[in-house]
Amino acid sequence: MARKKKSRVASDPPASTVVAMVLYVTESGPNSARAVANLEAICEEHLKGNFRLEVIDVLEFPLRALADGIVVTPSLAKVSPLPAAMVVGNLSDKSGVLRALGING
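Because the structure is a prediction, the values reported are computed rather than measured.

A. Structural detail: the sheet that holds strand S4 (residues 85-88). Read from one edge to the other, the open sheet built from four strands follows the order S2-S1-S3-S4, with strand pairing classed as mixed. Because the sheet does not close on itself, it has two edges, and the strands there are strand S2 (51-57) and S4. Within this sheet the neighbouring strands show an average axis-to-axis angle of 20°, counted without direction. Direction of pairing for strand S1 (residues 19-25) relative to S2: parallel, over a ladder of seven bridges. Note on S2: the bridge partner recorded for Ala-20 is Arg-52. Along the sheet, helix H1 (residues 30-47) contacts S1, S2 and strand S3 (75-80); its crossing angle with S1, the most-contacted strand, is approximately 165°. In the packing of helix H3 (residues 94-101) onto the sheet, the strands contacted are S1, S3 and S4, and the crossing angle to S3 comes to about 25°.

Right, dumping it as structure tokens:
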């Protein structure tokens, strides 16, 4: 009895790594609004849906921010894949954000 071989076709899309991030903001802050806009643009251009983002308003959840060691907003924490990274500011330094996220841009 002949067995059929299963082979992967070269055109199959490779499995993508999902980047998990937490953005700490103060909702009323102009730098926080800029950080959200900058991060949305970066995710749309470079991550194409392969990300998970949690946005935490530190005024609403101060104990969460304190427990996570956040003292400045806006702050972006890359949680996975490792290594973890932190970027502070309005995320206008696109190359710095990409480097922290482990993306060659």
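Text resumes after the structure shown.
B. Unusual backbone geometry, seen in detail. In this chain, Ser-80 is followed by Pro-81 through a cis amide linkage whose omega measures 0°. In this structure, Lys-48 is a non-glycine residue whose phi angle is positive, near 45°. Of the residues examined, Lys-48 reaches a relative accessible area of 61% and is grouped as exposed. A positive phi angle, close to 65°, is found at Leu-91, a residue other than glycine.

C. Up close: H3. Of the residues making up H3, those classed as buried are Gly-96, Val-97, Leu-98, Ala-100 and Leu-101. In the core, the buried residues of H3 are packed alongside S1, H1, S3 and S4. Positive phi appears at Gly-102, one or two residues downstream of H3, with a value of about 80°.

Rules and cut-offs
- Residues numbered from 1 in each chain as written.
- Predicted model: local features only at pLDDT ≥ 70, side-chain atom pairs only at ≥ 80, totals over all residues.
- Heavy atoms only, no water.
- Pairing = 2+ DSSP bridges.
- Helix = DSSP H or I, 4+ residues; strand = E, 2+ residues; numbered from the N terminus.
- Axes fitted to C-alpha atoms, helices over the stretch in contact; angles between N-to-C directions.
- Contact = heavy atoms within 4.5 Å.
- Buried < 20%, exposed > 50% of the residue type's maximum accessible area, 1.4 Å probe, protein only.

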